Amino acid sequence: MNPESFRWKRFWVPRGTHWPEHRGFLLDPESELAIYQSNHPIELAAVRSKPVLILLGEAGAGKSISIAEEYEHARGIAGEQGHLCISYDLGDFSDEARLVREIFESDPFTTYLADLKRFDLFLDSFDECRLGIPHLSRLLAVQLKKHVSAPECLFLRIACRSAD
């Protein structure tokens, strides 16, 4: 994590909901006024049990920081419980064949899924990868369908800019 990044709580809202702002700043979800709002932002930790989470947000919103923190948390649990937890920065990939080889054909991925163990897969910078692999969402869907015979074993986390 960047030593210059702020260690503040980050809150997330379900897609399609609105959180009020005042003079360009979001209303603090922990403020006295927040109790009057019908929808409430949550910390990412509150939805850890969900098998699929996609963080959408503008550049600089803290998606990469949040996903890195969640990865570190999941990795600690994975070590205790004997399951696999891997993170990839998709911005490092510009070639479909390399992405498939390094993620979906890797020994850890194929071994753990063959044993039907839990597998936590964190994919950051989805939007950056789409520059080199325009059909990334289709590629991921095909590869997951091809390799994941027990979807209940996979916990998928993706971070992407909301415009993408």
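Calculation rules
Residues numbered from 1 in each chain as written. Predicted model: local features only at pLDDT ≥ 70, side-chain atom pairs only at ≥ 80, totals over all residues. Heavy atoms only, no water. Pairing = 2+ DSSP bridges. Helix = DSSP H or I, 4+ residues; strand = E, 2+ residues; numbered from the N terminus. Axes fitted to C-alpha atoms, helices over the stretch in contact; angles between N-to-C directions. Buried < 20%, exposed > 50% of the residue type's maximum accessible area, 1.4 Å probe, protein only. Arc of directions from axis to C-beta. Polar contact = N/O pair within 3.5 Å; in protein donor to acceptor, adjacent residues only side chain to side chain. Left-handed = near helix turned anticlockwise from the far one by under 90°. Contact = heavy atoms within 4.5 Å. 1 Å grid on protein atoms, 1.4 Å probe; cavity = no way out; pocket = protein on both sides within 12 Å on 5 of 7 lines; lining within 4 Å. Points joined across faces, edges and corners; volume = space filled by probe spheres on them. Nonpolar A, V, L, I, M, F, W, Y, C, P; charged D, E, K, R; others polar.

Novice: So what exactly am I meant to see when it comes to the sheet that holds strand S4 (residues 84-89) here?
Specialist: Either a parallel or an antiparallel arrangement is found when strands of a sheet pair, and the pairing is made through backbone hydrogen bonds. If you walk across this open sheet you meet the four strands as S3-S6-S5-S4, and the pairing is parallel. Strands at the two margins of the open sheet, each flanked by one partner only, are strand S3 (52-57) and S4. Sheet twist, expressed as the mean angle between neighbouring strand axes with direction ignored, is 10°. Taken together, the five bridges between strand S5 (residues 119-124) and strand S6 (residues 154-161) define a ladder with parallel strand orientation. Bridged to Leu123 within S6 is Ile158.

Novice: Which parts of the structure should I look at to understand the pairing of S6?
Specialist: Side chains on a regular strand alternate between the two faces of the sheet. The element S6 is extensively covered by neighbouring structure, given that seven of its eight residues are classed as buried. Across six bridges, S3 lies against S6 in parallel orientation. Counterpart to Leu56 in the pairing with S6 is Cys160.

Novice: Would you take a moment to explain helix H2 (residues 96-104) for this structure?
Specialist: Taken together, the buried positions of H2 are occupied by Leu99, Val100, Ile103 and Phe104. Relative to the axis of H2, the buried residues are bounded by an arc of 95° and lie together on one face. Structurally, the start of H2 carries an N-cap: the backbone nitrogen of Ala97 is 3.3 Å from a side-chain oxygen of Asp95.

Novice: Could you clarify how one ought to interpret the packing of H2 against helix H5 (residues 136-147) in this entry?
Specialist: Contact geometry for H2 and H5: axes closest at 12 Å, N-to-C directions at 35°. Viewed along their axes, H2 and H5 form a crossing whose handedness is right-handed. From H2, Glu96, Leu99, Val100 and Phe104 reach across to H5, where they touch Leu136, Leu139, Leu140, Gln143, Leu144 and His147.

Novice: Hey, could you run me through unusual backbone geometry in this one?
Specialist: Where the residue is not glycine, phi is negative for most of them; where a peptide bond is considered, it is trans in most cases. One non-glycine residue, Ser125, adopts positive backbone phi at about 65°. Residue position: Ser125 is located in the loop between S5 and helix H4 (126-129).

Novice: Just checking my understanding: could you explain empty space enclosed by the protein for this structure?
Specialist: Empty space among the atoms can be located by rolling a probe the size of a water molecule over them. Using the criterion set out here, one finds one cavity of 30 Å³ or more in the structure. In this structure, the largest cavity encloses a volume near 50 Å³. Lining the largest cavity are Leu44, Leu53, Ile54, Leu55, Ile67, Glu70, Phe122, Arg157 and Ile158. Elements represented by at least two residues in the lining of the largest cavity include exactly S3, helix H1 (63-81) and S6. For the lining of the largest cavity, the leading source of residues is S3, giving three residues. Per-class residue counts for the lining of the largest cavity are seven nonpolar, no polar and two charged.

Note that every value here comes from positions in space, so none of it alone points to a role or purpose.
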